[in-house]
Amino acid sequence: VQLQASGGGLVQAGGSLRLSCAASGRTFSIYNMGWFRQAPGKEREFVAGVTWSGGRTYYPDSLKGRFTISRDNAMNTVYLQMNSLKPEDTAVYYCAAENKPRATISRSPDYWGQGTQVTVSS
């Protein structure tokens, strides 16, 4: 499975961005997809996840309400809509995919995209 992320950029605080992650290859094997982010000097953290077949979404409590993950199975694409962005959301955002049948994506998924930079100015 190959993952290609796009959609990052520079936005002012309070603005919105939508990230996309296009999957290719053995996409039929995907069970979960998700987004993670890593800010400078910080550990990578989970942002949002979705089960590939059922479309069940899940988020950490800290991001519920501002971020929304969705998927388009026909396009093999996952999206991350980010609203009310804050400077602390500045990070490199990575999409990921996992083959293992888990309720949620693990911290060590099988596949990673290349990352896309999101910068939120104050």
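Presented here is a report on the structure given in the accompanying data block. (Residues numbered from 1 in each chain as written. Predicted model: local features only at pLDDT ≥ 70, side-chain atom pairs only at ≥ 80, totals over all residues. Heavy atoms only, no water.)

### Some points on the overall build of the protein chain
(1) Moving on: The number of helices and strands found in the protein chain is zero helices and 11 strands.
(2) Moving on: Beginning at the N terminus, the succession of helices and strands in the protein chain can be written as β-β-β-β-β-β-β-β-β-β-β.
(3) Moving on: At 13 Å, the protein chain has a C-alpha radius of gyration in line with the 14 Å of a compact globule built from 122 residues.
(4) Moving on: Carbon and sulfur atoms make up 48% of the accessible area of the protein chain, which amounts to about 6100 Å² in all. (Helix = DSSP H or I, 4+ residues; strand = E, 2+ residues; numbered from the N terminus. Rg over C-alpha atoms; globule rule 2.2 N^0.38 Å. Areas by Shrake-Rupley, 256 points an atom, 1.4 Å probe, with all protein chains shown as cover.)

### Brief notes about the nonpolar core
(1) Moving on: Ranked by size, the top nonpolar core spans 30 residues in total, and within it Met33, Trp35, Leu80, Met82 and Tyr93 carry the most contacts.
(2) Moving on: Every element with two or more residues in this core is listed here: β1 (2–6), β3 (17–24), β4 (32–38), β5 (45–51), β7 (67–72), β8 (77–82), β9 (91–98) and β11 (116–121). (Core = buried A, V, L, I, M, F, W, Y, C linked by side-chain atoms within 4.5 Å. Buried < 20%, exposed > 50% of the residue type's maximum accessible area, 1.4 Å probe, protein only.)

### Re the environment of Gly9
(1) Moving on: Along the polypeptide, Gly9 turns up in strand β2 (residues 9–12).
(2) Moving on: When the C-alpha atoms of Gly9 and Thr68 are compared, they prove to be 18 Å apart, with 59 residues separating the residues in sequence.

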